[in-house]
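Residue strings, one per chain:
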Amino acid sequence: MVDIGPEADRILVAQLTGEARHHAKWRDLTAAEETAVVAALRELAGARADLLAEVAGILEGTSEGELDEPLVRQAAGLCRAAGADLEAIRAWAEEGRRWRLAGHSPVTA
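None of the values given here were measured: they were computed from a predicted structure. (Residues numbered from 1 in each chain as written. Predicted model: local features only at pLDDT ≥ 70, side-chain atom pairs only at ≥ 80, totals over all residues. Heavy atoms only, no water.)

Undergrad: What exactly am I supposed to notice about the packing of helix α3 (residues 49–63) against helix α4 (residues 69–81) here?
TA: Helix-helix packing is characterised by the crossing angle of the two axes and by the distance between the axes. Contact geometry for α3 and α4: axes closest at 8 Å, N-to-C directions at 165°. Comparing their axes, α4 and α3 come out roughly antiparallel. For the crossing formed where α3 meets α4, the hand is left-handed. Side by side, α3 and α4 meet where Leu52, Val55, Ala56, Leu59, Glu60 and Ser63 of the first sit next to Glu69, Val72, Arg73, Ala75, Ala76, Cys79 and Arg80 of the second. Looking at the contact of α3 with α4 residue by residue, the class counts come to eight nonpolar, one polar and four charged. (Axes fitted to C-alpha atoms, helices over the stretch in contact; angles between N-to-C directions. Helix = DSSP H or I, 4+ residues; strand = E, 2+ residues; numbered from the N terminus. Parallel < 35°, antiparallel > 145°, perpendicular 65-115°, else oblique. Left-handed = near helix turned anticlockwise from the far one by under 90°. Contact = heavy atoms within 4.5 Å. Nonpolar A, V, L, I, M, F, W, Y, C, P; charged D, E, K, R; others polar.)

Set out below in structure tokens:
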């Protein structure tokens, strides 16, 4: 029997990343927009606050100093608002920094 757990987690991380990035804007979201996106992320994540934290941290760590940093930080903030495990974000942000320094992005890593 093949364990598909880690693969399923990777797929969910990709979906959460795409959803958060898709809805981030170069402006403040309206209250209605933010409420809708946070609800969509919560539904997609289910009870996986750990994966929301991974997405938020990786986005924050890989975007530092980049031109799209404000946009990506908004996407990470949406993950935080959706219930990301706040304690885990710091470690994932550090991992994102390592990826950035190694020339990787969240999409290619």
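Here the narrative resumes.
Undergrad: How should I be thinking about the side chain of Ser63 in this particular structure?
TA: Residue position: Ser63 is located in helix α3. Residue classification places Ser63 among the buried positions, given a relative accessible area of 2%. A polar atom in the side chain of Ser63 sits 3.0 Å from the backbone oxygen of Leu59. When near neighbours in sequence (up to four residues on either side) are disregarded, Ser63 contacts Glu69, Val72 and Arg73. (Buried < 20%, exposed > 50% of the residue type's maximum accessible area, 1.4 Å probe, protein only. Polar contact = N/O pair within 3.5 Å; in protein donor to acceptor, adjacent residues only side chain to side chain.)

Undergrad: Looking at this model, I keep getting lost on the pattern of salt bridges. Mind explaining?
TA: When charged atoms on two side chains of opposite charge get close, those side chains can pair. Following the criterion strictly, the structure yields 12 salt bridges and no others. Arg10 is the partner of Glu54 in a salt bridge, and the nearest nitrogen-oxygen pair spans 2.3 Å. On the criterion of sequence distance, the pair formed by Glu54 in helix α3 and Arg10 in helix α1 (residues 5–23) is long-range, its members being 44 residues apart. Overall, Glu54 belongs to the buried group, its relative accessible area being 8%. Of the residues examined, Arg10 reaches a relative accessible area of 42% and is grouped as partly exposed. (Salt bridge = Lys/Arg side-chain N within 4 Å of Asp/Glu carboxyl O.)

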